[in-house]
Amino acid sequence: MGRQFRWLWTAYAISAYGSGFGFGALPLIAVLVLDAGPAQVAALAAIGPALGALIALPLGPWVEFHRKRPVMIAMDLTRFAALLSIPVAYALGRLSFGQLLAVSAVVATARIAFGAAGGAYLKSLVRPGDLLVANARFESTTWSSIAIGPPLGGAAVGVFGPVVTVVADAVSYLLSALSLTAIGGHEEPPQRTGERRMRGGDLLDGWRHLFGHPGLRGLYLNQLLVSGLIMATEPLLAVLMLGELGFPPWQYGLAFAVPCAGGLIGSRLAPRAVARYGRHLILRTVGTLRAVWLIGLALVQPGPAGLATVIVVELAIVLGMSLYNPVLATYRLERTPRERVARTLAAWSIGSSAAIALLSALAGWLAQATGPRTAIMVAGVLILAGPLLLPRRLGRDRQGTAGSPTGEPASSHRSRLAEEKISSSARCTAPVTPEISSGTVETSIRRSWVDRGSARR
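All values reported here derive from a predicted model rather than from experimental measurement. (Residues numbered from 1 in each chain as written. Predicted model: local features only at pLDDT ≥ 70, side-chain atom pairs only at ≥ 80, totals over all residues. Heavy atoms only, no water.)

**Student:** Kindly report on the overall build of the protein chain, identifying the contributing residues and their values.
**Tutor:** Within the protein chain, the regular secondary structure consists of 19 helices and 0 strands. Burial status across the protein chain gives 53% buried among its 457 residues. Sequence-distant contacts in the protein chain: of pairs separated by 6 or more residues, those separated by 24 or more amount to 86%. Counting only carbon and sulfur atoms, one obtains 66% of the accessible surface of the protein chain, whose full area is about 20,000 Å². (Helix = DSSP H or I, 4+ residues; strand = E, 2+ residues; numbered from the N terminus. Buried < 20%, exposed > 50% of the residue type's maximum accessible area, 1.4 Å probe, protein only. Contact = heavy atoms within 4.5 Å. Areas by Shrake-Rupley, 256 points an atom, 1.4 Å probe, with all protein chains shown as cover.)

**Student:** Please provide a residue-by-residue account of the pattern of salt bridges, values included.
**Tutor:** Considering all chains together, one arrives at 5 salt bridges under this definition. For Arg279, the salt bridge goes to Glu334, with nearest N and O atoms at 2.4 Å. Here Arg279, found in helix 13 (residues 279–289), pairs with Glu334, found in helix 14 (residues 304–334); they are 55 residues apart in sequence, far enough to count as distant. The same class applies to Arg279 and to Glu334, which are both buried. Taken together, the shared-partner salt bridges in this structure form one network comprising Asp205, Arg208 and Arg343. (Salt bridge = Lys/Arg side-chain N within 4 Å of Asp/Glu carboxyl O.)

**Student:** Provide a residue-level description of the nonpolar core, including the pertinent values.
**Tutor:** Among the nonpolar cores identified, the biggest contains 57 residues, and Leu8, Leu122, Leu180 and Leu219 are the most heavily contacted of them. Counting residues in each nonpolar core, the second largest holds 34 residues, with Ile146, Leu297, Ala298 and Met321 among its members. (Core = buried A, V, L, I, M, F, W, Y, C linked by side-chain atoms within 4.5 Å.)

**Student:** Any chance you could break down the side chain of His213 for me, citing the residues and the numbers?
**Tutor:** With respect to the secondary-structure elements, His213 resides in the loop between helix 9 (205–212) and helix 10 (214–244). Here Gly215 takes part through its backbone nitrogen, which lies 3.1 Å from a polar atom of the side chain of His213. (Polar contact = N/O pair within 3.5 Å; in protein donor to acceptor, adjacent residues only side chain to side chain.)

**Student:** I'd like to hear about helix 1 (residues 3–21), residue by residue, with values.
**Tutor:** For helix 1, with 19 residues, the first-to-last C-alpha span of 27 Å sits near the 27 Å given by 1.5 Å per residue. Where helix 1 is buried, its residues contact helix 5 (68–91), helix 7 (131–160) and helix 8 (164–182). (Expected span 1.5 Å × (residues − 1).)

**Student:** Which residues make up helix 9, and what values go with them?
**Tutor:** Residues of helix 9 that are buried include every one of Asp205, Gly206, Trp207, His209 and Leu210, and no others. Contacts made by the buried residues of helix 9 are with helix 10 and helix 15 (341–370).

**Student:** Go over a nonpolar patch on the surface with me, naming the residues and quoting the values.
**Tutor:** A surface patch of nonpolar side chains, amounting to about 370 Å² of accessible area, comprises Ile47, Leu51, Leu54 and Ile55. By secondary structure assignment, the location of Ile55 is in helix 3 (residues 38–56). A relative accessible area of 47% places Ile55 in the partly exposed class. (Patch = residues over 30% accessible without salt bridge, like charges linked within 9 Å, V, L, I, M, F, W, Y side chains within 5 Å.)

**Student:** Got a sec to walk through the packing of helix 9 against helix 10? Specific residues and values, please.
**Tutor:** Running from amino to carboxyl end, helix 9 crosses helix 10 at an angle of 105 degrees, the nearest separation of the two axes being 5 Å. By the criterion of interaxial angle, the relationship of helix 9 to helix 10 is roughly perpendicular. In this structure, helix 9 contributes Trp207, His209, Leu210, Phe211 and Gly212 to the contact, and helix 10 contributes Pro214, Leu216, Arg217, Tyr220 and Leu221. Looking at side-chain class alone, the contact of helix 9 with helix 10 contains 7 nonpolar, 2 polar and 1 charged residues. (Axes fitted to C-alpha atoms, helices over the stretch in contact; angles between N-to-C directions. Parallel < 35°, antiparallel > 145°, perpendicular 65-115°, else oblique. Nonpolar A, V, L, I, M, F, W, Y, C, P; charged D, E, K, R; others polar.)

**Student:** For the packing of aromatic side chains, give the residues involved together with the corresponding values.
**Tutor:** Using the criterion set out here, one finds 5 aromatic pairs in the structure. For the pair Phe211 and Tyr220, a centre-to-centre distance of 5.6 Å together with 75 degrees between the ring planes defines the contact as edge-to-face. You can call Tyr220 buried: its relative accessible area is 2%. Here a set of aromatic residues connected by ring pairs shows up, and it is made of Phe5, Trp9, Tyr12 and Phe138. The ring of Phe114 carries the charged tip of Arg79 above its face, separated from the ring centre by 5.0 Å. The ring of Tyr324 is capped by Arg290, whose NZ or CZ atom sits 4.0 Å from the centre of that ring. (Phe/Tyr/Trp six-rings, centres within 6.5 Å; stacked < 30°, edge-to-face > 60°. Lys NZ or Arg CZ within 6 Å of the ring centre and 35° of its normal.)

**Student:** Requested: an account of the packing of helix 1 against helix 7, with residues and values cited.
**Tutor:** One way to put it is that helix 1 packs onto helix 7 with a least axis distance of 6 Å and a crossing angle of 30 degrees. Between helix 1 and helix 7, the crossing angle belongs to the class labelled roughly parallel. Helix 1 and helix 7 meet at a crossing whose hand is right-handed. Along the lines of polarity and charge, the residues of the contact of helix 1 with helix 7 split into 14 nonpolar, 7 polar and 1 charged. (Left-handed = near helix turned anticlockwise from the far one by under 90°.)

**Student:** How would you summarise empty space enclosed by the protein if you had to cite specific residues and measurements?
**Tutor:** In the structure shown here, the tally under the stated rule is 3 cavities of 30 Å³ or more. Its volume calculated, the second largest cavity comes out at about 50 Å³. Taken together, 11 residues line the second largest cavity, and the ones lying closest to its centre are Leu57, Leu203, Arg343, Ala346 and Ala347. Secondary structure elements with two or more residues in the lining of the second largest cavity: helix 4 (59–64), helix 9 and helix 15. In terms of residue count, helix 15 provides more of the lining of the second largest cavity than any other element does, 4 residues in total. Looking at the lining of the second largest cavity residue by residue, the class counts come to 7 nonpolar, 2 polar and 2 charged. (1 Å grid on protein atoms, 1.4 Å probe; cavity = no way out; pocket = protein on both sides within 12 Å on 5 of 7 lines; lining within 4 Å. Points joined across faces, edges and corners; volume = space filled by probe spheres on them.)

If you want it as structure tokens, here you go:
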């Protein structure tokens, strides 16, 4: 896919591994350095990202009408400066809990803006037929960083102290900015029709597109519910395993590190699965299967059998998500017009962050009242409604992606191409004016992490 894509992938990989290495660093510093209590740690986990999502609300339209690579570099440098302020304040003896909240909000804001700009920027780097492969590569990088980064970061904290992982995470953003600079080339500024000033309606354009498109509407609502409930159960599972069931911390870490191998497998299978079975079948089938396993975490018992249960359930969830996410990301950006990409991605990320915060708060309240096992059971039952939100039909694309462009099986696609080739001589005698619409296939970058990866970061 070219040298420029390799530099973009390198930038993403460096920052992903840096974030994996520094995973959980801010709560750890709050506890070990500032003696923060459970309420403060919970506030740090919820308030910072919530403020970041609120601040990022006007950034979608702003990113839309600016060149994307400079925005990405600026967001990387912003995260570098924000994170680096923590070790500086720690060395000067002036670190405070308010600063941790501010850094958390700034990092969350920059992450949303970076993802919105990156989705639009990749359109000029990757051919439509390579879009799913590109998304699968980003997905595999996300899961490998989650598998490798946190264990290494935990070991580094034990040897060098809690601030060292923040330094490494900050430096990763600086190296990411340098990699983006190395892409080179000239990026044309976006052309905006009508008024040059941002209007209030621009803030909602992303959601208008998501809810106005029949396929995207169902996928978006499904993602809010399923990803929100999966993320909401993670702290509950930590309380259940480390508290009530008495698992040692290394076994708890193992229960989440081993299933990440499923992320590598699923992301590698995504292009082949779409070429063989079609995009619609993958989204419907895998989108359903990834939601049925969560209830199994409520059945965990002490001992090796309980540890094996967690690993198997998490492996099934991760395998489904890593296969589903690249296909979802490809369809989402194919169905988004070029002039709305950044606003749509920003709206998607803001909504996901808000859903995770809300569902996590509700799950924590329920766990406080009834216990973590009951709360996990309720989440496992509620998530079964997620497949009902998946769209029954996705429609047909006008151009192709990743082997089987319209999501149809490869054999049908080849037959259709043969028919088109027979009549091509007749068609080429008349000029063709391409129709520009929300169904036009355009290349894009994934966010997620989002979904799942983004939420974890």
